[in-house]
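# Descriptive structure summary
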Amino acid sequence: MFNLIKTISPAETVQSKPKANGYLNRIDIRAYTMILALLGIWAIFTYTTQGAFLTSRNLSNLFRQMSITSILAIGMVFVIVAGHIDLSVGSLMGLTGGVAAILQVWYGWQTIPAIFVSLLIGLLAGLWQGWWVAYKKVPAFIVTLGGMMVFRGILIGISHGETVSPLMDSFKQIGQSYVPESTGLLLAFLGIIYVIYVTVKQRYTRIKYGFTVPSLALEIMRTIFYAFLIGLFVYLMNDYQGIPVPVLIVVVMAFIFTGLATKTRFGRYVYAIGGNSEAARLSGINIRYNILAVFVISGLMAALSGILLTARLNGASVAAGQNAELDAIAACVIGGTSLMGGTGSIGGAMIGALVMASLDNGLSMMNTPTFWQFIVKGLILVLAVWIDIATKTRAQN
């Protein structure tokens, strides 16, 4: 439902609006392939768990579980597309969630001020790291590796190594509550209307600028398929307790940042910088400012993830967010984001996050030893990167 796109050359991205529109509407075949792979994973786990995997309750838990990685992946997409990496998001997620819990549990702060401070810390952390990368030319790998250690150390120091809980009910609801059934049905209706509107608008735009368009029958079938998925999702969630609030937050963030990536000058600039930074510089793009901005986005998303994780667990601990950056990077790569920069999409990252969460959930239901879970996820990540490299090599030849 979110745009699954792949980029063209940076020059085409920034030259003219018609060509940018063509870029925005290209289908990322790899992302759709991952949808089929996801369905295959679900089929295997459904068989091995005697149908328990696809119950409404487990799917609700699955989507809530993937919400943390999804929000981290949204910020990570911008960083990787720009040609960089952020290894600090897991530690920053733990730190911001820990600050929110400490402010509320130890100092009696209300939920909104505690959340505001956590988001502000995420923004400032992203600004700090982005400044080193963009203006001081320190490699992002080194800056964020240092940030990973610094943020984890600060969390251990301010929490004294203790678990901080319990939270106020208003805070817990952010990670544990559900949307009422009637509201879910309304959201499904609005989602279907949105899909129809976007399909019609994109088709009209492509025809207007002389681009080729799929057959009308194919467009109608695709729209019906998306509408069916939306309706099925809401039905399954309502069959349990309703749409989890964290999942709704992910959907809102995905729409906002998909629009930022595909409909704004900033988004086109980020893709141009990742595709060819020298060409982007010669085109007049302020590379340093845009690199700074992507790290700020990553910091904000890490803070939001920390808030959701803390609310879901009803507390914060020094272990919160460990290895979360690896899951976020894996979600992006599995969803089609190239580690070489210039290619990727929010929708693809969402699919990747769902793949990672499905593996965790399904293997846990099968009582698979933890070491096998790491092995399987690691092999899938290597396979995804190999596919990315092989695809680029084939395209160049």
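First, a word on scope: everything that follows refers to the structure included in this document. (Residues numbered from 1 in each chain as written. Predicted model: local features only at pLDDT ≥ 70, side-chain atom pairs only at ≥ 80, totals over all residues. Heavy atoms only, no water.)

## Focus on the overall build of the protein
Applied cut-off: Secondary structure is summarised from DSSP: a helix means a run of H or I of at least four residues, a strand means a run of E of at least two, and numbering begins at the N terminus for each. When a residue's accessible area, from a 1.4 Å probe over protein chains only, is under 20% of the maximum for its type it is buried; when over 50% it is exposed; and in between it is partly exposed. In what follows, residue pairs with any heavy atoms lying within 4.5 Å of each other are defined as contacts. Only the protein chains shown count as cover for residues, with accessible areas throughout obtained via the Shrake-Rupley method and a probe of 1.4 Å.
Scanning the protein from terminus to terminus reveals 17 helices and 0 strands. Here the protein holds 397 residues, and the buried ones make up 50% of them. Considering only contacts in the protein between residues 6 or more positions apart, those separated by 24 or more positions represent 80%. Counting only carbon and sulfur atoms, one obtains 68% of the accessible surface of the protein, whose full area is about 18,400 Å².

## A few points about the packing of aromatic side chains
So the rule is basically this: Here a pair means two rings of Phe, Tyr or Trp (six-membered ring of Trp) with centres within 6.5 Å. Their orientation is stacked below 30 degrees between planes, edge-to-face above 60, and tilted elsewhere.
Per the stated rule, a full pass over the model turns up 13 aromatic pairs. With centroids separated by 5.1 Å and ring planes inclined at 75 degrees, the aromatic side chains of Trp131 and Trp132 adopt a geometry described as edge-to-face. Since its relative accessible area comes to 34%, Trp131 is described here as partly exposed. Since its relative accessible area comes to 30%, Trp132 is described here as partly exposed. Here the aromatic cluster, defined as three or more aromatic residues joined through ring pairs, consists of Trp42, Phe45, Phe53, Phe63 and Phe233.

## Here's the deal with the pattern of salt bridges
Short version of the rule: By definition, a salt bridge exists where a carboxyl oxygen of Asp or Glu is found within 4 Å of a side-chain nitrogen of Lys or Arg.
One pass over the structure, following the stated rule, counts 4 salt bridges. The residue Lys172 makes a salt bridge to Asp169 at a minimum N-O spacing of 3.2 Å. Taken together, the residues span about one helical turn, with Lys172 and Asp169 both in helix 8 (residues 169-176) at a distance of 3 residues. Measuring nitrogen to oxygen at the nearest pair gives 3.6 Å for the salt bridge that ties Glu219 to Arg203. Of the two residues, Glu219 is situated in helix 10 (residues 216-240) and Arg203 in helix 9 (residues 181-208); the sequence distance between them amounts to 16 residues. The class of Glu219 is buried, set by a relative accessible area of 6%. Look at the salt bridges and you will find they share partners, linking Arg203, Glu219 and Arg222 into a network.

## Brief notes about helix 7 (residues 140-159)
For the record, the criterion: One fewer than the residue count of a helix, multiplied by 1.5 Å, yields its expected span. The directions considered for the arc run from the helix axis to the C-beta atoms.
Compared with the 28 Å implied by 1.5 Å per residue over 20 residues, the 28 Å span of helix 7 between its first and last C-alpha is a close match. For helix 7, the full list of buried residues reads Ala140, Val143, Thr144, Gly147, Phe151, Arg152, Leu155 and Ser159. With its buried residues spanning 160 degrees around the axis, helix 7 presents them on a single face. Of the residues trailing helix 7, His160 is marked for its positive phi of about 60 degrees.

## Quick look at empty space enclosed by the protein
What counts here: Residues are called lining when one of their atoms sits within 4 Å of a cavity or pocket point, these points coming from a 1 Å grid over the protein atoms alone, where a cavity is a set in which a 1.4 Å probe fits but cannot get out and a pocket is an open set with protein on both sides within 12 Å along at least five of seven lines. Grid points are joined across faces, edges and corners, and a volume is the space filled by probe spheres set on the points. Gly is put with the polar residues, along with every residue not named as nonpolar or charged; the nonpolar set is Ala, Val, Leu, Ile, Met, Phe, Trp, Tyr, Cys and Pro, and the charged set is Asp, Glu, Lys and Arg.
This model, assessed by the stated rule, comprises 2 cavities of 30 Å³ or more. Taken as a whole, the largest cavity holds about 40 Å³ of empty space. In this structure, the largest cavity is lined by Val77, Phe78, Val81, Ala261, Gly267, Val270, Tyr271 and Ile346. Counted by class, the lining of the largest cavity contains 7 nonpolar, 1 polar and no charged residues.

## Description of the environment of Val296
Position of Val296 relative to the elements: it lies in helix 14 (residues 287-313). On the basis of relative accessibility, which here comes to 15%, the residue Val296 falls in the buried class. Beyond its immediate chain neighbours, meaning those up to four positions away, Val296 contacts Leu123, Gly126 and Leu127.

## Topic: the side chain of Ser88
Test applied: Here a polar contact is recorded for every N or O atom pair within 3.5 Å, except that within protein the pair must consist of a potential hydrogen donor and a potential acceptor, and residues adjacent in sequence are included only if both atoms are side-chain atoms.
Assignment of secondary structure puts Ser88 in the loop between helix 4 (56-81) and helix 5 (89-105). Judged by relative accessible area, Ser88 falls into the buried class, the value being 0%. One polar contact links Ser88 to Gln129, side chain to side chain, over a distance of 2.9 Å. Discounting residues that sit within four places of it in the chain, Ser88 has contacts with Gln129, Thr144, Gly147, Met148 and Phe151.

Honestly, it's all geometry; don't read function into it.
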